[in-house]
Amino acid sequence: REDSDFAFDYPKTSAPSDTTEGQSIEQCHLGPNTRLSSETASISSPVGDNVYKGRAYRSPLFLWMITLIVMPTLITTVLISAVVLWQISTQLPALTMPVQEQYYELRDLYRDTKTNLLATSASEVMNKALRETHLLSRFSSWLYFDGIETNSFTELYHGAAEECKTTPTD
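Note that the coordinates shown come from a computational prediction; the quantities given were computed from them, not determined experimentally.

Colleague: Please clarify how the overall build of the protein should be interpreted in this entry.
Modeller: Scanning the protein from terminus to terminus reveals four helices and zero strands. The N-to-C order of helical and strand elements in the protein reads α-α-α-α. Of all 170 residues assigned to the protein, the portion counted as buried reaches 2%. By sequence separation, contacts in the protein at least 24 residues apart represent 38% of the contacts at least 6 residues apart. If you sum the accessible surface of the protein, you get close to 16000 Å²; carbon and sulfur atoms cover 62% of it.

Colleague: What is the right way to look at a negative patch on the surface in this model?
Modeller: A cluster of like negative charges, contributed by E101, E105, D108 and D112, occupies part of the molecular surface. The topology assignment puts D112 in helix α3 (residues 60-144). Judged by relative accessible area, which is 48%, D112 ranks as partly exposed.

Colleague: So what exactly am I meant to see when it comes to the packing of aromatic side chains here?
Modeller: Think of a pair of aromatic rings as described by two things: how far the centres are apart, and how the planes are tilted against each other in angle. In the structure shown here, the tally under the stated rule is one aromatic pair. Here Y103 and Y104 contribute two aromatic rings whose centre-to-centre distance is 5.8 Å and whose plane-to-plane angle is 50°, an arrangement assigned as tilted.

Colleague: Is there a simple way to explain a nonpolar patch on the surface in this structure?
Modeller: The grouping of L61, W64, M65, L68, I69, V70, M71, L74, I75 and L79 at the surface amounts to a nonpolar patch, some 1000 Å² of accessible area in total. As for its placement among the helices and strands, I75 is situated in helix α3.

Colleague: I'm lost on the confidence of the model for the protein in this one. Help?
Modeller: Do not read the predicted coordinates in detail wherever pLDDT is low. Per-residue confidence for the protein gives a mean pLDDT of 75, with 57% of residues at or over 70. Looking at the elements of the protein, mean pLDDT is at its lowest for helix α2 (residues 46-49), recorded as 47, and at its highest for α3, recorded as 92. Predicted confidence for residues 45-49 stays below pLDDT 50, and this span has three contacts to residues more than four positions away or in other chains.

How each quantity is defined
- Residues numbered from 1 in each chain as written.
- Predicted model: local features only at pLDDT ≥ 70, side-chain atom pairs only at ≥ 80, totals over all residues.
- Heavy atoms only, no water.
- Helix = DSSP H or I, 4+ residues; strand = E, 2+ residues; numbered from the N terminus.
- Buried < 20%, exposed > 50% of the residue type's maximum accessible area, 1.4 Å probe, protein only.
- Contact = heavy atoms within 4.5 Å.
- Areas by Shrake-Rupley, 256 points an atom, 1.4 Å probe, with all protein chains shown as cover.
- Patch = residues over 30% accessible without salt bridge, like charges linked within 9 Å, V, L, I, M, F, W, Y side chains within 5 Å.
- Salt bridge = Lys/Arg side-chain N within 4 Å of Asp/Glu carboxyl O.
- Lys, Arg positive; Asp, Glu negative; His and termini not counted.
- Charge placed at Lys NZ, Arg CZ, Asp CG, Glu CD.
- Phe/Tyr/Trp six-rings, centres within 6.5 Å; stacked < 30°, edge-to-face > 60°.
- pLDDT = per-residue confidence, 0-100.

Below, the structure is given as structure tokens:
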């Protein structure tokens, strides 16, 4: 430290106490810590020369970070994704074939069940309609041919249809 070529200039005395109010910063810290000489100054400092002009992506530190941190991470991620996709694409058809066959069986069973239910529903609707039509036709034939003697407000006129057929229209 006593050598004149030593880059750092440490004071020989101890640091001042807290009672150094009103003194300048250099006096408080006993001067600068480095000697600025032509031998100790760097030859070309990118920050000092302002080579990058605020563009961080041109700095060597940024390029080294991209090269050593970001690129390996991206390459590893892409490789893992490719391996997983390849494994899925080779093993998935073997897993999906039984499921697909069961799906087709369930679909056919659903179609059969739905068809049977719709046929049963249509049969019940037709059965009810036919039963009511049969009852109404029997009841109307009894009324028409005086099978039921009733004193109702309805009177059937025999031959009225023939009279309507022969009446000329204007």
